[in-house]
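A closer look at the structure
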Amino acid sequence: MARAKTLKLATFNVNGIGARLPHLLAWLERERPDIVALQELKATDAAFPADAIEQAGYGAIWLGERSWNGVALLGRGTVPVESRRGLPGASDDRESRYLEAAIHGVLVAGLYLPNGNPQPGPKFDYKLKWMDRLRRHAQALVDLPHPVALIGDFNVIPTDEDIYDPKSWRKDALLQPEVRERYRQLLAQGWTDALRHTHGDQRIYTFWDYFRQHAERDRGLRIDHLLLNPVLARRLVDAGVDRWVRLQDKASDHAPTWVQVRAAAARKRAARRAG
């Protein structure tokens, strides 16, 4: 019996694509994800390394911003077909945090949710408003009859089980009750948190800061999430974190986080052709 084809979707906050390009290219070559969402490019549109990524076998679209933010979507062997640039709901928001495209038959929404620190204050207020806008837009995505993935750096620690030491982070914007409630409301629309669904209560992290060898000691946070709508969640095979990338010299403080799904649509097309 032929093995079912799968797609690997991943999200990776590179923390500066100029400085981390060797790490990104090494990861793409070794892990060969089919779909990738990148965050925190910290580069203008003109500075995006499109040629290097193309030579690695990936088409790309991106939304840059000088020194801060910035998101991109990559497709292995294909160029993503862009459907939305920027999160709707605030025409005056100029921060580069949201990009949406069709890639390999999946509608992919890549996001970099605001950090929100320090809180309370304007940055925290912006985070909450951004999450409200995301929830409104996500409601239109979750019920689509097509596979949809909402992936990226959410800057949300959903529960105390998603952080090595919640007591030392109690004042941080990433785990405030208002933030966690908005994330819970997002999931309640029908999204599946792929990493938590796969690993249950197991402690698993996607971010480790640069202090006190936290990466080597696995004292991290889970803030990078891959949410699947019901159509795509039915195809879920596996999910994980490529922690080896974080353990490289001068690496990003995030590790690539991924989900593997069955490419059911491809099998159905093949069956129809055979019929």
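Residues numbered from 1 in each chain as written. Predicted model: local features only at pLDDT ≥ 70, side-chain atom pairs only at ≥ 80, totals over all residues. Heavy atoms only, no water.

**As for the side chain of D162**
Test applied: Helical segments are the DSSP runs of H or I of at least four residues, strand segments are the runs of E of at least two, and each set is numbered from the N terminus. We call a residue buried when its accessible area falls under 20% of the maximum for its residue type, exposed when it is over 50%, and partly exposed in between, using a 1.4 Å probe and counting protein chains only. The term polar contact refers here to a pair of N or O atoms within 3.5 Å; inside protein, the definition further demands a hydrogen-donor-capable atom paired with an acceptor-capable atom, and it admits residues adjacent in sequence only when both atoms are side-chain atoms. A contact between two residues is defined here by any heavy atoms of the two lying within 4.5 Å.
Residue placement: D162 occurs in the loop between β8 (148-153) and α4 (177-188). In this structure D162 comes out as buried when scored by relative accessible area, which is 1%. At 2.9 Å, the side chain of D162 and the side chain of T159 are in polar contact. Within polar-contact distance, the side chain of D162 engages the side chain of R222 at 2.7 Å. Apart from residues lying up to four places away in sequence, D162 is in contact with I157, R196, Y205, G220, L221 and R222.

**Here we look at the packing of helix α3 (residues 122-142) against α4**
Our working definition: For helices, the fitted line uses only the C-alpha atoms of the stretch in contact; every axis is such a line through C-alpha atoms, and the angle between N-to-C directions lies from 0 to 180 degrees. Any angle that is under 35 degrees is reported as roughly parallel, and any over 145 degrees as roughly antiparallel; angles of 65 to 115 degrees are reported as roughly perpendicular and all others as oblique. Note on residue categories: nonpolar means Ala, Val, Leu, Ile, Met, Phe, Trp, Tyr, Cys or Pro, charged means Asp, Glu, Lys or Arg, and polar means any other residue, Gly included.
Where α3 meets α4, the axes come as close as 10 Å, and the angle between the chain directions of the two elements is 5°. Judged on the interaxial angle alone, α4 and α3 are roughly parallel. Of α4, the residues touching α3 (which contributes F124, K127, L128, M131, D132, L134, R135 and A138) are E178, V179, R182, Y183, Q185 and L186. Here the contact of α3 with α4 is composed, by residue class, of eight nonpolar, one polar and five charged.

**Quick look at the nonpolar core**
Note that soluble globular proteins tend to have their nonpolar side chains buried in a common cluster. Applicable threshold: Only buried residues count toward a nonpolar core. Its members are Ala, Val, Leu, Ile, Met, Phe, Trp, Tyr and Cys residues joined through side-chain atoms within 4.5 Å.
Among the nonpolar cores identified, the biggest contains 41 residues, and L9, L73, V106, L221, L228 and V259 are the most heavily contacted of them. Apart from the residues lying within four places of it in its own chain, the contact partners of V106 are L7, L9, I35, A101, P147, V148, A149 and L232. Of all hydrophobic cores here, the second largest spans 24 residues; its members include Y98, M131, A138 and L227.

**Section: the sheet that holds strand β2 (residues 35-39)**
To keep things clear, this is the line we draw: Only strands joined by at least two bridges in the DSSP assignment are considered to pair.
Taking strand neighbours across the sheet as the criterion, the six strands line up as β3-β4-β2-β1-β12-β11 in an open arrangement whose pairing is mixed. The sheet is open, and its two borders are formed by β3 (58-63) and β11 (236-241), each paired with just one other strand. Within this sheet the neighbouring strands show an average axis-to-axis angle of 15°, counted without direction.

**What about the pattern of salt bridges?**
Operational definition: Each reported salt bridge corresponds to a side-chain nitrogen of Lys or Arg within 4 Å of a carboxyl oxygen of Asp or Glu.
If you walk through the whole model with that rule in mind, you get 17 salt bridges. The partner of E181 in a salt bridge is R184, with the nearest N and O atoms 2.7 Å apart. Residue E181 and its partner R184 are located together in helix α4, separated by three residues, close to a single helical turn. Take E181: its relative accessible area is 31%, and that puts it in the partly exposed class. One salt-bridge network, held together by shared partners, links D162, D193, R196 and R222.

**As for the packing of aromatic side chains**
The cut-off we apply is this: Between 30 and 60 degrees the pair is tilted, below 30 it is stacked and above 60 it is edge-to-face, where a pair is any two Phe, Tyr or Trp rings, Trp via its six-membered ring, whose centres lie within 6.5 Å. Distance and angle both matter: a charge sits over a ring if NZ of Lys or CZ of Arg is within 6 Å of the ring centre and within 35 degrees of the ring normal.
What the rule picks out here adds up to three aromatic pairs. Relative to Y183, the ring of F154 has its centre 6.0 Å away and its plane inclined at 85°; by these criteria the two rings are edge-to-face. Remark: Y183 occurs in helix α4 and F154 occurs in the loop between β8 and α4; sequence separation between them is 29 residues. You'll find F154 and Y183 in the same group, each marked buried. Here the guanidinium or amino end of K8 rests over the ring plane of W258, the centre of that ring lying 4.7 Å away. Over the ring of W244 we find R30, and its NZ or CZ is 4.0 Å from the ring centre.

**With respect to the pairing of strand β10 (residues 224-228)**
Most of β10 sits inside the fold, with five of its five residues counted as buried. The two faces of β10 match: D224, L226 and L228 on one face and H225 and L227 on the other face are all buried. Sheet topology note: the β8/β10 ladder contains five bridges and is antiparallel. Opposite I151, over in β10, you have L226 as the bridge partner. The pairing of strand β9 (residues 192-193) with β10 spans two bridges and is classified as antiparallel. Bridge pairing links D193 to L227 in β10.

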